[in-house]
Amino acid sequence: MKEIISEQNLVKPLDIEIFQLFSSENIFEISENLIKPLPDFDKIGKIYSGKNIEELLKNDSKKTKKEKLKYKNLSLLDLLKPILMPQIDFDIPSDLAFYKPLFNYQIQGIKFLITNKSALLADQMGTGKTVMSTTAMRILFIKGKIKKALIVVPSNLISVWEEHLNKWAPEIQSLTINEEPDIRNIMWDLNSHVYLISYDTLKSDYKRKENLLKKFREDIDLVILDEAHNIKNPDTIKSKAVKFISENSKYRWALSGTPLQNNLKELLSLYEFLNPEFKSEGIISQDEAKQLIQPIMLRRLKKDVLPELPDKLPPEIEKFDLNPQQKDEYEKVLYSEKERIEYLIDKHKGEKNYKFILRQNIIYSIQKLRQICNFPKNSIESPKADRLMEMLSELIENKEKVVIFTNFLKEGIEKIAKNIKHRFDGNIFVTYHGKMNHSQKKMAIESFKNDKNKYIFLGTITSAGEGLTLTEASYAVFFDLHWNPAKIWQAEDRIHRIGQKNKVNIYNYVMNDTIEELVIKKLNEKRIMIENVIDDIEQTEEVVSLDELFEFLNIKKRVEQNG
Amino acid sequence: MKLAYLYYLNKDDNYRGGVLLTDEKTKPVEFRITSKVKLEELQKILYGSSLKEVLFKEKFGIELLSALSENYDIVLTQDKEILSIRQYIGAPVIFIRKFDPFMPKDRLSHKVVNIHEKFEPLIFTISKEDENKLIFISKKLNEIYKNFDLLEPFKRVEKAMEYLKYYEGK
């Protein structure tokens, strides 16, 4: 008889491993232990530091030093975190779920987005489309209905979206794909909830690395297009790139303050994004097109929701990159001005009026740099001007009046005016500045107030900032910021006061990696102090210290060395 | 008061347990999950009917709860058999489910209703050890139930497990 021998205990212990996702100390942060190896999972969270990225790029011909880059590749456990959050209920106290209480019309907008896999949110500019779409997306993540989302925006709105995602969707991790092409190749493969990208970068990667995008789009659940009129022309590569990447997406939302109802081709291009199965069969009429889009469109005007809006809306900061010509000029001027100031430091050190001389000279240098941020020399083209024209086009279409502030005559008022004349009818704006006499100024104000076709008031902060009542406008654009943040706040406060009847939306234009960025940072730091001295111009001149002015030119060390 | 939602999933012979610790607003405080356990056929035969006892109670239940770094006040479960882990842990265990009018009355059970009729009535059952605490605990849970659905966090754990499964399958 054959003997059966078992060498091992067949009753194996039921071994399990337990690991922690997060502790109570800071549940909305990703705790470090999440990146510990988890043997059961293929995808493990990994920090891609500058060094890692360089290693990954070793095989590439172009090596770039990216010491500061640090991206977290989310682990599976990081990715599922939103699902563990309580369901968002609009009836429960708002402090539980939202960064700030939502207005009723915004709640309606969110519900509209959640319940429509294809949706066009066409509310008028300044009503909070970004807040609504961010919150709706957050709800879908928490419900577990979506796992991966892509947001495509104009490049100047990247920072606006980053801020909104941070504040309004704290459980959602987002990744902005805005590095150089080599780095982007890696970024497309990193795990994240939300990927934020500009139209231009998407277009570039579509042309450059279609395969990467093809892989990325396989499991995409939601695509949000901000300023969706960017795809109004179906024949552009930009439109094709958007439609390509969103091919498998379950949800498609388009945001646009421009109704688009008057241009059939534009409307159909947008509709093709929203409804990829739609195939235009022959020519369709304007009414038929409207009928198509109507069921999936929500549009509210600012005047309709006015009672719900607060008296004072925080300014929206839009950031742009210098164009190549501006960048070149900016770097040259910065270099020469730094040298000049350093020379003056050495020359006047120890003199009685040392600080006064330096202060005046630094202000002069800052002025030069700020002007380049508006326009390059001998050109009326710039990213700020492009955006302003886009904004004006939308506002005029909605019959809204707007006030534009700038600090400069030649590099502000004059060049903006040329842009307006070039793009629109020259009779739609008035200018207001220090070189005009009293009667000219008076006429400009009256014309803006009484003529329904004068949509734009274009003035300098110093001239137009005081004593004017421009309640006809409910939008204000600061084309550039003053080196002294007090002046900005002072002007804003004045607009709010003069705009009590209309609730004013304020937009600040800021150039990335320039003095304007430093100014806006300082502006936030000094907000409280400025508010205390807002009505005292003499005092506000001193709000920015000499050291801070040095900081604007990045020559702090030199100052310290010189005491 | 902190609530520990103890949950396990068995799909296609893949077993997984999880515990979600929440505050009174059902906001997550801590979450622990076990790795996927795939039993061999022989293991299932040899463990037989004791499998549930060993795996869900001893392994998943007790180990998950003792792994929590935060204290918990009540353990909530959707499986009546889990009530018996009370003897190994330091907090009451509640078997929670939707109220059924045809359910026989029982001295260890108590019905709670949402006063706004936002959620369906629930019934809590407690283990014998905590019989005298039933009313007190029910009152506490009823307070929470005024605004927050007490069953909903189980769905979150379930979704989290399905989410992991989705990615593991990729």
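The model shown is predicted, which means the values in this text are computed figures rather than measured ones. (Residues numbered from 1 in each chain as written. Chains lettered and ligands numbered in written order. Predicted model: local features only at pLDDT ≥ 70, side-chain atom pairs only at ≥ 80, totals over all residues.)

### Details of the overall build of chain A
Helices and strands together make up the secondary structure of chain A, namely 25 helices and 16 strands. Relative to its 563 residues, chain A shows a buried fraction of 40%. Of the contacts formed within chain A by residues at least 6 apart in sequence, a portion of 75% connects residues at least 24 apart. (Helix = DSSP H or I, 4+ residues; strand = E, 2+ residues; numbered from the N terminus. Buried ≥ 20, exposed ≤ 12 C-beta atoms within 10 Å, placed from the backbone. Contact = placed C-beta atoms within 7 Å.)

### Focus: the overall build of chain B
Check the secondary structure of chain B and you find four helices and eight strands. Walking chain B from its N terminus toward its C terminus, one meets helices and strands in the order β-β-β-β-α-α-β-β-β-β-α-α. What you see for chain B is a C-alpha radius of gyration of 16 Å, in line with the 15 Å of a compact globule of 170 residues. If one aligns the C-alpha atoms of chain B with their principal axes, the spans along those axes are about 50 × 35 × 35 Å. The buried share of chain B, taken over its 170 residues, is 35%. In chain B, 57% of the contacts between residues at least 6 apart in sequence involve partners at least 24 apart. (Rg over C-alpha atoms; globule rule 2.2 N^0.38 Å.)

### What to know about the domain arrangement of chain A
All names here are of chain A. One can read the domain layout of chain A as domain 1 (88-308) and domain 2 (376-561). Contact residues are listed per partner, giving eight residues for domain 1 and ten residues for domain 2. Partitioned by chemical class, the residues of the side of domain 1 that touches domain 2 number two nonpolar, five polar and one charged. (Domains from an automatic or database assignment. Nonpolar A, V, L, I, M, F, W, Y, C, P; charged D, E, K, R; others polar.)

### Some remarks on unusual backbone geometry
Residue and element names in this part refer to chain A. Here the phi dihedral of Glu 227 falls at roughly 45 degrees; this positive angle occurs in a residue that is not glycine. As for its position among the elements, Glu 227 is in the loop between strand E8 (222-225) and helix H10 (237-245). Not every positive phi belongs to a glycine, and Lys 399 is a case in point at roughly 55 degrees. With respect to the helices, strands and loops of the structure, Lys 399 is situated in the loop between helix H16 (383-397) and strand E12 (401-406). Judged by local crowding, Lys 399 falls into the exposed class, with 10 C-beta atoms found within 10 Å.

### Details of the sheet that holds strand E11 (residues 316-320) of chain A
All names here are of chain A. The strand order across the open sheet built from six strands is E11-E16-E15-E12-E14-E13, with neighbouring strands paired in parallel fashion. Of all strands in the sheet, those with a lone pairing partner are E11 and strand E13 (429-432), marking the two edges. Going across the sheet, the axis of each strand differs from the next one's by a mean of 20 degrees, ignoring polarity. Alignment of E12 against strand E14 (residues 456-460), held across five bridges, turns out to be parallel. Across the sheet, the residue bridging to Thr 406 is Thr 460, located in E14. (Pairing = 2+ DSSP bridges. Axes fitted to C-alpha atoms, helices over the stretch in contact; angles between N-to-C directions.)

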